[in-house]
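# Fold and geometry: a report
The chain contents come next:
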Amino acid sequence: MEPIEQLFTLNLPQLILGLLVALSGLAGTAAILSAFFEKVLKKPFGFWKSIRKDHILLEETVYSLKSLTEKQEQIQGELLALTRANKEVLGNIIDERYQKYISLGGIPANDVDDFEDIFNAYKALAGNHKRDAKYSYVKHHLKVIPVETKLVFDGERSGE
């Protein structure tokens, strides 16, 4: 209770004068510190403000890098999904062509390069060994069926 009683007995002009003295003491301290930084440390007071700005820029850079890293991880996930999908599509093509070539008793000559390119792309995507066996069987056990093409010229189409 005594602190409250002291509060009521304060002289308002003295309180205001005391606050002004304290504030001028703080201003003097700031001036002394500024002079200290400039004279002793050879760095102006503004230097410390620029350090703070650099720190803020560094924090913003870290945030931007974090955002870019998250975006890169998302893109890598999407690329992985596309790679897996392509591998499955190529594997399905190999399966279909294997069945076709077995039923034909050989591989048409005009399909040899395409089949090899499809298999190489599939293998580059880390395809499985089951399709390796299918490719190997077609390549080493099935004959190449010659494909004949007949060119038709404009005059021959209409029976002229």
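Higher on the page you've got the structure.
So, a few notes on the structure that sits alongside this text.

Rules used throughout
- Residues numbered from 1 in each chain as written.
- Predicted model: local features only at pLDDT ≥ 70, side-chain atom pairs only at ≥ 80, totals over all residues.
- Heavy atoms only, no water.
- Phe/Tyr/Trp six-rings, centres within 6.5 Å; stacked < 30°, edge-to-face > 60°.
- Helix = DSSP H or I, 4+ residues; strand = E, 2+ residues; numbered from the N terminus.
- Buried < 20%, exposed > 50% of the residue type's maximum accessible area, 1.4 Å probe, protein only.
- Expected span 1.5 Å × (residues − 1).
- Arc of directions from axis to C-beta.
- Salt bridge = Lys/Arg side-chain N within 4 Å of Asp/Glu carboxyl O.
- Polar contact = N/O pair within 3.5 Å; in protein donor to acceptor, adjacent residues only side chain to side chain.
- Contact = heavy atoms within 4.5 Å.
- Core = buried A, V, L, I, M, F, W, Y, C linked by side-chain atoms within 4.5 Å.

## A look at the packing of aromatic side chains
- By the definition in use, this model includes four aromatic pairs.
- Aromatic pair Y98 and Y137: ring centres 6.2 Å apart, planes at 70 degrees, arrangement edge-to-face. Taken together, the residues span a long stretch of sequence, with Y98 in helix α3 (residues 45-104) and Y137 in helix α5 (residues 129-141) at a distance of 39 residues.
- With relative accessibility at 34%, the residue Y137 sits in the partly exposed group.
- Grouped by ring-pair contacts, the aromatic residues Y101, F115, F119 and Y135 constitute a single cluster.

## Quick word on helix α4 (residues 112-124)
- Here α4 contains 13 residues, and its C-alpha end-to-end distance of 18 Å stays within 8% of the 18 Å for a straight helix at 1.5 Å per residue.
- F115, I118, F119 and Y122 are the residues of α4 that are buried. Projected down its long axis, α4 carries its buried residues within an arc of 95 degrees, all on one side. Within α4, the exposed residues directed more than 90 degrees away from the buried face are D113, D117 and A124.
- Positive phi appears at A126, one or two residues downstream of α4, with a value of about 65 degrees.

## Points about the pattern of salt bridges
- For the structure on display, the rule yields five salt bridges.
- D95 serves as the salt-bridge partner of R131, at 2.8 Å between the closest nitrogen and oxygen. Within this pair, whereas R131 is found in helix α5, its partner D95 is found in helix α3, the two being separated by 36 residues in sequence.
- Assessed through its relative accessible area of 19%, D95 is described here as buried.
- Notably, a salt bridge pairs K139 with E116, separated by 3.5 Å at the nearest N-O pair. Highlighted residues: K139 in helix α5 and E116 in helix α4, separated in sequence by 23 residues.
- Under the relative-accessibility criterion, E116 is labelled partly exposed at 28%.
- Put simply, D95, R131 and K134 are held in one network by salt bridges that share partners.

## Observations regarding the side chain of D132
- In this fold, D132 is placed in helix α5.
- On the basis of relative accessible area, D132 is assigned to the buried category, the value being 16%.
- There is a polar contact of 2.6 Å between the side chain of D132 and the side chain of K123.
- The residues touching D132, leaving out its near neighbours within four places in the chain, are F119 and K123.

## Comments concerning the nonpolar core
- By size, the foremost hydrophobic cluster in this structure holds 12 residues: L90, I94, Y98, Y101, I107, F115, I118, F119, Y122, Y135, V138 and L142.
- Only α3, α4 and α5 provide two or more residues apiece to this core.

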